[in-house]
Amino acid sequence: MNSKSPAPVSIERYNHRTAEPKWQKAWADAAVFEAKEDASRPKYYVLEMFPYPSGRIHMGHVRNYTMGDVLARFRRACGYNVLHPMGWDAFGMPAENAAIERGVHPKGWTYSNIEAMKGQLKSMGLSLDWSREIATCDPGYYMHEQAMFLDFMEAGLVERRVSQVNWDPVDQTVLANEQVIDGRGWRSGAIVEKRELAQWFLKITAYADDLLKALDGLDKWPEKVRLMQKNWIGRSEGMRFSFAVEDETGKLRDERLTVYTTRHDTIFGASFCALSADHPLVKEIAAKRPDVEAFRREVAALGTSEESIEKAEKKGVFLGLYARHPFSKDVMLPVYAANFVLMGYGEGAIFGCPAHDQRDLDFARKYKLPVLPVVAPKGEANITIGTEAFTDTEGDNVVLVNSSFLDGLSVDKAKEEIARRMEEMSIGERRVNFRLRDWGVSRQRYWGCPIPVIHCKACGIVPVPHSGLPVQLPEDVTFDKPGNPLLHHPTWRHVKCPSCGEAAERETDTFDTFIDSSWYFARFCSPHATSPVDEKAARYWMGVDQYIGGVEHAILHLLYSRFYARAMMKTGHLHLKEPFESLFTQGMVVHETFSNAAGEWVLPAEAQQVDGKWVHTATGEPLTVGGIEKMSKSKRNVVDPETIIAAYGADTARWFMLSDTPPERDIEWTSLGAEGAWRFIQRIWRIVGEGAAEPGDAMSPELKKSVHKTIAAVTDDLEGLRFNRAIARIYELANAISAAPPPERRGAVETLVLLFAPMMPHLAEECWWTLGMPGLVVTTPWPKYDPALLVDDEVTMAIQINGKRRDEIKVAKGLKKEELEPLVMVRDAVVRSLDGKPVKKFIVVPDRIVNIVCAP
RNA sequence: GUGGGCGUGGCGGAAUGGUAGACGCAACGGACUUAAAAUCCGUUGGGAGAAAUCCCGUGAGGGUUCAAGUCCCUCCGCCCGCACCA
């Protein structure tokens, strides 16, 4: 491969079928992608979110991994010691679904999927260090997860408590939110119930403040992701206070009702109290009141997802209780159970102020409760509330009204005053609250990491001793019965208590797969270490310099990983709390949808255009072209990367994925675009063929200039992940080369090859070899540019009259206003446009624009 | 419902508040060819005009500015997340 004799000049087409495997083998033989710690070189850790092994890669993977690969290859060329690993997020529900539906074992299914996908990834020519491959379902991986969980327990980061799950009463199974469709189980169709289960939680809320504050330091993360995390954590400064409650006979209850609010300033506008259906008081009343119990069941049918709860019509049931207003003796607030109050947030109880909260207003209108505005724009003593709540709070322009001693105060001052008084009365205190909830990690499923805990009748919860790790998943399980196979296994869960030695039972729940993906990036530093993370390796490689993945992970995966790094720090497993230095979220791959007359979705590969109309290739029936949507199995608007790579080659697929569309935006896959990329490859091949034939190196000054300008621009664009712009520059350089006479091209062609090499690595190697250049492109340094060649001595400046472009002028660079004015004012177009009107202002933006302001 | 984002020619898109439409695709015209494909050259936001040139134009409407795709306000449309999909 390193032959120095130039290949025979060829006008044949570039053949990816022979070239791509050839160069993939050359890279593998040279082991160029195997990363080794080397303190003498700067490191660069580039990571793409690892895939779930579904069996086949999809276009989203192609896009994600191409971006990471371009960066890895570019940084390597720039002299960095690059770590670019790959692994498998291998636990999860689809393997169990395959087991239930097709009778295959999750392990066999998963590993054969991994093999298939690995082959597909290899055909993409990715510069991955496969020696560091990880599968999270490997006991060699998850044993460390179990060990760290035990350490977390010891560090007080783990809690066991009751929480709610979706329960399918027919299948006798816990359902994931996505398995609940319109309140029914996806397989059984039964109405889903909420059920309470004892579960394990990781105390992410212990770090809520730090996770929030540290967002400021993540300046290489997209602002939108930081904002989303900030809102998700949801820090609020409010008050927790309590009402005295009496029943309909006027009898005072022993227990007060505690609520949480961030709008204590609106206390005089309160017209009701609302409790979560799961509030202890509601449960107590429901035991005696069938209508309340019925309401609880109705709310339970909404499932556990916040979305379904918030979308539901605001409803409630009166509990027959009244809360005494703390400042207005005669005011009694009816107490309801309501479906929009969440037990997991605050106290699970609120007071409703309809005039200034939309949900409260909807509720008040439905139950004909009073709506009294207590905040209004300054100077408007009384505003009318229709169907929209008045929610302005900012500054001194809104003030309290109808609020006794608060009248005239700003919202902030009113809050302060209420807080002071309530504290004085000892009925409440200021309280910072977070929307963020602790992380429930128990899953009632087989295909996950076993939770290393034993339940003993005498000793209670006993952690599995480290010597007992890994707690391995048994392989002899069946899926003929609904529910968790670990629970049905005849022997697995029966063990002796490590503490007292008596008969005890293993925990049969497994971990949420988000745990697996919350530390894999650290494991990649030392994938074969006997501890979870080898400190020396982690100190060299961490943090991830560039993390790339879908924006759909903006909150959960990324927040859990940030928490995990902190928890690992506390237990001595990691030395830094922010794992991802820089984050990039790429857009989705979308495609047209096709459907037939029966409304069935049709694969794009089965659709064909005849006389401008789309028809089914095999049957000829007419097809309807639907919207351009995210590629999905359900809409069948998928294009198989394997087919594309076989037909056009990996470089075509890679080039297409990077061209035109900015990486953070959704890209539409089109066959025309793929062909365009393929044609450009052939064009490069011809340019290189001609360049090889003319080994002269007499670049014209113009071509030399565009070569250096292109190096500068492409370098800058790749550093900023602006792949589409880098590609536009490469097109420009290719055009400039084509326009030059062949004997002047050689040097420019060599640079061109180096510049597109990160994007189309196979083509680059083949071209390099054809040009007779020594070595592999992959080990060739990135080209350098001469800054002196980037500046032009002449510039074209636009001339505007009153902001409208009227003329342009070519002048020496750096002219001052005084030098420009005489040149500009005598120009025909300027004289004509001014039409004798006096000049009011003469504005110059150096080297860019002149704007002459005159009377209109 | 709620949190976040996006919106520019026929299409994908480019544009530190400073010449809107770089670059690519498609289309059209031409060269080459017996012919087609491929390739190469040219044109291409809309409107008026013979031309010079002028008017309009970045989802809609307002505003700030000498100057707005870019900044501010209101609205419309589409997309993503919502804690057990990964």
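Residues numbered from 1 in each chain as written. Chains lettered and ligands numbered in written order. Predicted model: local features only at pLDDT ≥ 70, side-chain atom pairs only at ≥ 80, totals over all residues. Heavy atoms only, no water.

Enquirer: Requested: an account of unusual backbone geometry, with residues and values cited.
Expert: The omega angle of the peptide bond from L469 to P470 is -5°, so this bond is cis rather than trans. Mapping P470 onto the fold places it in the loop between β22 (460–463) and α13 (485–488). Cis geometry is found at the peptide bond from M542 to G543, where omega equals -5°. With respect to the helices and strands, the residue G543 is situated in the loop between α16 (535–541) and β26 (546–550). In this structure, D182 is a non-glycine residue whose phi angle is positive, near 50°. (Helix = DSSP H or I, 4+ residues; strand = E, 2+ residues; numbered from the N terminus.)

Enquirer: Can you lay out the protein's contact with RNA strand B for me, pointing to particular residues and giving the numbers?
Expert: Surveying the vicinity of RNA strand B reveals 65 residues, the closest of which are N177, R445, T661, R725 and N851. The sugar-phosphate portion of RNA strand B accounts for 64% of its atoms within 4 Å of the protein, the bases making up the rest. R435 has a polar backbone atom sitting 3.0 Å from a base nitrogen of RNA strand B. At 6 residues, the largest contribution of residues to the surface near RNA strand B is made by helix α22 (residues 723–739). Considering only residue class, the surface near RNA strand B consists of 22 nonpolar, 16 polar and 27 charged. (Near = heavy atom within 4 Å. Polar contact = N/O pair within 3.5 Å; in protein donor to acceptor, adjacent residues only side chain to side chain. Nonpolar A, V, L, I, M, F, W, Y, C, P; charged D, E, K, R; others polar.)

Enquirer: Account for the packing of helix α1 (residues 16–30) against helix α24 (residues 761–770), naming residues and giving values.
Expert: At a closest axis distance of 9 Å, the pairing of α1 and α24 adopts a crossing angle of 90°. By the criterion of interaxial angle, the relationship of α1 to α24 is roughly perpendicular. Contact residues: α1 offers A19, E20, K22, W23, Q24 and W27, while α24 offers P761, H762, E765, E766 and W769. Broken down by class, the residue content of the contact of α1 with α24 amounts to 5 nonpolar, 2 polar and 4 charged. (Axes fitted to C-alpha atoms, helices over the stretch in contact; angles between N-to-C directions. Parallel < 35°, antiparallel > 145°, perpendicular 65-115°, else oblique. Contact = heavy atoms within 4.5 Å.)

Enquirer: Provide a residue-level description of the sheet that holds strand β21 (residues 453–456), including the pertinent values.
Expert: Taken in spatial order, the 4 strands of this open sheet run β22-β21-β24-β23, and their pairing is antiparallel. The open sheet has two edge strands, β22 and β23 (494–496), and neither has a second partner. Averaged over all adjacent pairs, the angle separating strand axes in this sheet is 40°, with direction ignored. Examined bridge by bridge, β21 and strand β24 (residues 503–506) share 2 bridges and lie antiparallel to one another. Residue I454 lies in a different strand from β24, and its bridge partner there is R506. (Pairing = 2+ DSSP bridges.)

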